[in-house]
Structures are given as C-alpha cells and as structure tokens.
Amino acid sequence: MKNIVIIGGGTGGTVVANRLANRLYDQKDISITLFAPEKNHIYQPDLLFLSLDLSDPRRMFRDEQKLLNKKVNLIQQPVDAINVDNKFVISKGKKYAYDYLVIATGARLVPDLIPGLAGNNNHFYDYSSAMQLRDKLRGFKKGVIVTGVADVPYKCPPAPLEFTLLLDYKLRKYGLRSSVDLTYIYPINSIFTIQNVVPILQKEYDTRNIAYKTFFIVDHVDPEKHEVVAMDGETVKYDLLVLIPPHRGQQIISDAGIGDEGGWMSVDKYTLQEKNHEEIYGIGDATNLPVSKAGSVAHFQSGVIANNISNSVLGIDEKINYDGSTMCMTEIGYDKGLILLFDYSHPPYGLIPSRLNHLAKVFYLDYYFANMMYGLP
Amino acid sequence: MSDEKVTKVIDARGSYCPGPLMKLIENVRLAKVGDVLDLLSSDSGTKKDAPNWIKKTGQELIGIYDEEGYTRIRIKKIK
Ligand SMILES: Cc1cc2nc3c(=O)[nH]c(=O)nc-3n(C[C@H](O)[C@H](O)[C@H](O)COP(=O)(O)OP(=O)(O)OC[C@H]3O[C@@H](n4cnc5c(N)ncnc54)[C@H](O)[C@@H]3O)c2cc1C
C-alpha cells in the first residue's frame with residue numbers, strides 16, 4: 001500500500017487530490033488522503049468583489065466533499081504536526097504515515113506583525129473581513145481612504161491595485177468621488193510589480209486622480225493620529241484604512257523544520273520538491289518560490305505534482321518541470337480588465353485592457369469549480 | 001567579490017511577479033541585523049532599483065556583480 005497525504009483543501013490541495021485520483025483511479029493499493037478542516041471551499045478571488053458590493057456572498061462557497069473525486073479520502077480536521085524524518089503526520093493525536101506528502105497549506109494572515117495595524121485596519125483577504133469592509137464602505141461618504149500593502153509577500157499581487165481602481169469606479173458611479181480622496185501606498189518604486197504593465201495602470205491612476213506613495217514601507221500605524229508611518233518616517237493620513245495585512249506560512253511548516261524565517265517552504269523551483277526530502281512537495285502559497293502567490297500558480301503546479309507522483313507510484317521514469325507559468329487577471333474598473341500570462345523565461349504579455357478580459361474574470365468562478373471537480377487541465 | 005559570509009541566497013531569476021525587489025524586501029525584513037543576503041536577478045532593472053531601495057532604507061550595499069545571464073546583488077542588513 002502506498003499512501004499519498006495532502007495537507008490543505010484550498011486551490012492547490014483540492015486540484016492536486018483530484019488530479020492524482022484521475023491518474024490513479026484503477027490502482028487499488030494507493031490511498032489518497034486529504035486533510036481539509038473547513039467544510040466549505042471558498043473561491044478567494046470573489047472576496048475582492050464582495051468587499052465592494054459587487055458580488056453575492058452565496059456565490060463563492062462549495063461543499064469540499066462534493067468537489068472531490070470519490071477516490072480521495074477526505075479528513076475534515078487540521079494536521080497538527082509533520083514528522084519529516086519518520087514520514088508521518090499527526091492529526092488529533094493520530095498518526096498517518098505517508099510515502100508522498102503534498103503541503104498545500106497556503107498563507108496565514110498575521111496583522112500583529114505591524115504595530116497598530118490590528119483593530120484599525122480593514123481588508124478583504126478573508127470572508128468576515130470582506131463583509132465588514134463592505135458594510136463600512138456602504139456608509140462611507142466623505143474622507144480619505146488609504147489603500148495598499150502593509151508587508152510582503154502577499155497573495156494575488158494585483159489585488160490591492162484592483163481594489164483601488166474598482167473603489168474609484170464605484171465611488172464615481174455613486175457620485176461620491178469628489179468627497180472621497182484615495183491614496184495608495186506600495187513598497188517598491190512603482191505602483192505595481194510587473195514593470196511592463198505599470199504605464200497602463202499609472203495612466204489610470206493619473207487620469208482618475210488617485211494619489212500614490214511608492215517606496216512606502218510600512219513601519220507602524222498610529223491610530224490616534226490616524227496615520228500610517230513608513231520606515232523612513234514619511235506619513236500618510238487616513239479616515240478609512242484598507243491595507244493587505246502581513247502574510248506568513250503555517251506554523252506546522254516551521255515546526256517541522258522545513259520552513260524559512262517566514263514559515264514558507266523551500267522547494268526546488270522546477271520540481272517543487274522540498275530541498276532535503278524528495279518525497280515532500282510544496283504547492284501554491286505555502287512555498288517561498290519567486291512566483292506570485294496565486295490560484296493560477298497552484299493550479300499549474302498541481303499538474304506537475306500529480307504527474308510526477310503518479311509516475312513515481314506507477315514506476316514510470318518520466319518527470320515534468322514547473323516552468324513558472326502564471327496567469328494574472330487584473331480588473332481596472334469600467335468593466336475592463338487585463339489578463340497577463342508569463343513564466344520563468346517569458347515576460348508578461350496581454351497588455352490591452354478589454355471588456356472580454358473583465359467578463360473572463362467575472363465568470364471564472366464557475367470555471368474554477370468545474371475545473372476543480374473534474375481535475376481538468 | 002567581497003568575501004563576507006553570505007547568510008542567504010535569494011534566487012529571484014525568472015521572477016516577473018512579485019519580482020526581485022519584492023523578494024529582496026521580504027527577505028531583508030525577515031533577516032537579522034548583520035545578515036548578508038545575495039539577491040540573484042535576471043531582470044536588468046534590479047541593478048538600479050535594488051540600490052535605490054537599499055539607500056532609501058539605510059541598509060548597506062556590499063556590491064553588484066555581473067554573472068553569466070544574471071546579476072548578484074550583495075546587501076548587509078545593518079538596522
Ligand atoms: C482577495 C483575493 C483575491 C484573489 N484573486 C486571485 C486571482 O484573481 N487570481 C489568482 O490566481 N489568485 C487570486 N487569489 C489568490 C488565491 O486565492 C490563492 O493564491 C490560492 O488560493 C492559493 O492556493 P493554496 O492551495 O496555496 O492555498 P489556499 O487556497 O489558501 O488553501 C490553503 C488551505 O490549507 C488549509 N490549511 C492550513 N493549515 C492547515 C493544516 N494545518 N491542516 C490542514 N489544512 C490546513 C487552509 O484551511 C486552506 O483551506 C486571491 C486571493 C485573495 C485573498
């Protein structure tokens with residue numbers, strides 16, 4: 001009997017489980033076990049729309065069990081520890097041995113890393129925070145909204161920028177933009193990381209009068225003065241603060257001795273295998289690869305991991321590499337969007353905003369769940 | 001090349017998003033004072049952007065070295 005254990009039932013874990021099940025459906029002596037503590041699977045990209053009242057909270061959840069192939073044994077509880085030397089995981093006091101382990105535990109939000117942030121900030125990176133922000137924005141008619149990023153890395157790099165552009169669009173639609181000022185802060189020397197798209201986005205910011213401060217590395221928030229303070233002492237005043245909170249990897253990764261200082265797994269950028277344990281794979285947001293923390297990345301990586309594990313199980317000596325493939329859908333408001341595609345050796349292309357790209361992003365939710373269920377490419 | 005002991009190598013070759021500078025910021029924030037980091041980047045813009053960021057944040061740039069097909073930027077966290 002060979003045991004494949006997957007930790008985390010988000011995008012990466014669920015797709016990899018189904019893809020493995022598809023490839024190994026007729027193998028009686030292979031078990032695929034997925035640890036996923038939440039009953040419902042959330043489609044995180046919709047949180048952006050939800051926070052801006054542009055989507056319905058019921059749209060984004062599906063029962064995890066129903067998304068899974070029958071060959072996958074779902075255990076709805078968290079893994080508490082990983083023993084990499086003796087190849088087992090522990091959940092609720094019970095040991096589960098593995099021959100192959102896939103770590104798909106994503107990122108956790110750690111607002112406390114920035115003094116003054118927790119309790120004074122708003123964000124849309126989890127369901128309850130997105131709902132709270134939606135309610136606050138409904139009553140916000142006048143003042144300064146500061147948007148941007150509190151720390152790096154963070155998932156979905158364009159999300160703070162999309163939020164800002166969609167917020168501007170929405171405020172204009174409701175005739176509120178003249179009484180609401182928008183200021184966006186970002187840690188590098190431009191408003192976005194992908195340099196060949198910056199001119200397009202910069203033009204949007206300039207024509208829509210969105211102020212921005214770049215090279216703004218947040219040190220702390222001063223709630224009494226209503227100020228965000230940067231490392232070099234620069235400040236920006238807010239009435240409503242919407243910063244993406246700091247992210248870190250899960251504690252079980254650090255505890256197992258396979259994480260870096262941020263709790264992210266070090267994996268080979270091509271094979272996705274943990275640096276010192278070839279039977280352990282990392283997928284999606286949990287790794288420290290220099291790729292976007294994005295669902296598209298987890299999706300592309302799942303094909304590599306499912307192929308390589310199933311081939312190894314079946315004794316087929318053929319491996320494929322992850323090539324850095326990333327797809328990044330970026331909304332800019334006015335029903336327009338960009339779809340950028342790139343990998344380790346090709347810079348992003350797809351630089352013309354269009355309505356078709358916007359529709360692709362809106363309808364992607366249905367494709368996401370269908371694709372996940374059937375383990376499609 | 002300087003002979004300081006490198007604490008960590010950050011391989012950001014082929015990174016378009018988040019990009020080498022973001023990886024540098026992430027790692028400098030996590031590093032301890034005194035750590036020496038090597039950033040590997042295949043993006044020509046990093047040669048200009050990383051030193052600007054290092055200067056702005058008061059860290060120490062040890063050196064910029066051209067290697068085959070990429071640049072190595074060595075930085076020391078001093079505060
Ligand atoms: C607002 C927002 C917008 C986004 N927009 C986009 C977009 O447009 N395009 C895009 O590609 N990406 C987008 N993303 C990013 C995308 O959602 C994530 O990158 C993706 O979900 C990563 O997949 P993952 O499997 O690595 O992690 P996740 O999907 O986050 O799943 C991790 C899972 O691991 C589980 N887990 C953690 N610890 C344990 C444990 N100890 N035991 C068992 N389970 C555990 C968690 O419960 C969670 O279910 C967005 C994210 C947000 C928040």
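Caption draft 1: Local environment of the interface of chain A and chain B. Contacts between the two partners involve 36 residues from chain A and, on the opposite side, 21 residues from chain B. Summed over both sides, the interface of chain A with chain B buries roughly 2400 Å², with 61% coming from carbon and sulfur. Linking chain A to chain B there are five salt bridges. For B:K56, the salt bridge identified is with A:D232, shortest N-O distance 2.9 Å. Seen at the junction of chain A and chain B, the total is nine residue pairs in polar contact (both at pLDDT 80 or more). Elements supplying a minimum of two residues to the side of chain A that touches chain B: β22 (336–343) and β23 (346–349) of chain A. Per element, the largest residue contribution to the side of chain A that touches chain B is three residues, and it comes from β23(A).

Caption draft 2: Here's a closer look at the site of the ligand. Residues and elements named next belong to chain A. Residues in close proximity to the ligand total 30 residues, the closest being G12, E38, V79, D285 and G295. Here an oxygen atom of the ligand sits 2.9 Å away from a polar atom, N or O, in the main chain of D285. When the ligand sits alone it has 990 Å² of accessible area, and the protein chains cover 90% of it. Contributions of two or more residues to the shell around the ligand are made by α1 (11–23) and α8 (295–314). Both of domain 1 (2–107 + 249–322) and domain 2 (110–246) provide at least three residues apiece to the shell around the ligand.

Caption draft 3: Examining the pattern of salt bridges more closely. All names here are of chain A. Scanning all chains against the criterion turns up 27 salt bridges over all chains. Between D135 and R134 there is a salt bridge, with its nearest N and O atoms 3.3 Å apart. A residue is classified by how much of its surface remains accessible, and D135, at 41% relative accessible area, is partly exposed. One salt bridge in this structure joins E162 and K361, with 3.0 Å as the shortest N-O distance. Taken together, the residues span a long stretch of sequence, with E162 in helix α5 (residues 159–173) and K361 in helix α9 (residues 355–374) at a distance of 199 residues.

Caption draft 4: The arrangement of the sheet that holds strand β16 (residues 235–237) of chain A in detail. All names here are of chain A. Here we have three strands laid out as an open sheet, ordered β14-β15-β16, and antiparallel in their pairing. Looking at strand neighbours, the two that pair on one side only are β14 (218–222) and β16, the edges of this open sheet. Geometrically, the sheet is characterised by an average inter-axis angle of 20° between neighbouring strands, direction not taken into account. Across three bridges, the pairing between strand β15 (residues 227–230) and β16 is antiparallel. Residue V229 lies in a different strand from β16, and its bridge partner there is T235.

Rules behind the numbers
- Sequence positions are assigned chain by chain, starting from 1 and proceeding in written order.
- Naming scheme: in the order in which they are written, chains are lettered from A and ligands are numbered from 1.
- In keeping with the predicted nature of the model, local features appear solely for residues at pLDDT of at least 70, side-chain atom pairs appear and are counted solely at 80 or more, and the whole-chain, interface and lining totals rest on all residues.
- Only hydrogens and water are removed before side-chain values are computed, so all heavy atoms of the structure are retained for them.
- Here, two residues are considered to be in contact whenever any of their heavy atoms come within 4.5 Å of each other.
- The quantity reported as buried area is the accessible area (1.4 Å probe) lost by two parts once they are put together, taken as the sum for both.
- Salt bridges are defined as contacts in which a side-chain nitrogen from Lys or Arg sits within 4 Å of a carboxyl oxygen from Asp or Glu.
- N or O atoms within 3.5 Å of each other form a polar contact, as long as, within protein, one can give a hydrogen and the other can take it, and as long as residues adjacent in sequence are counted only when both atoms are side-chain atoms.
- Here a helix means four or more residues in a row that DSSP labels H or I, a strand means two or more in a row labelled E, and each is numbered from the N terminus.
- Near, as used in this document, describes a residue that has one of its heavy atoms within 4 Å of the molecule or strand being considered.
- Note on areas: these come from Shrake-Rupley sampling with a 1.4 Å probe, and a residue is covered only by the protein chains present in the view.
- Domain start and end points were adopted from an automatic or database domain assignment.
- Summary of the burial criterion: residues with accessible area below 20% of their type's maximum are buried, those above 50% are exposed, and those between are partly exposed, where the area comes from a 1.4 Å probe applied to protein chains only.
- Here, strands pair whenever DSSP counts at least two bridges between them.
- For helices, the axis comes from a line fit to the C-alpha atoms of the stretch in contact; other axes are also lines fit to C-alpha atoms, and the angle between any two N-to-C directions lies between 0 and 180 degrees.

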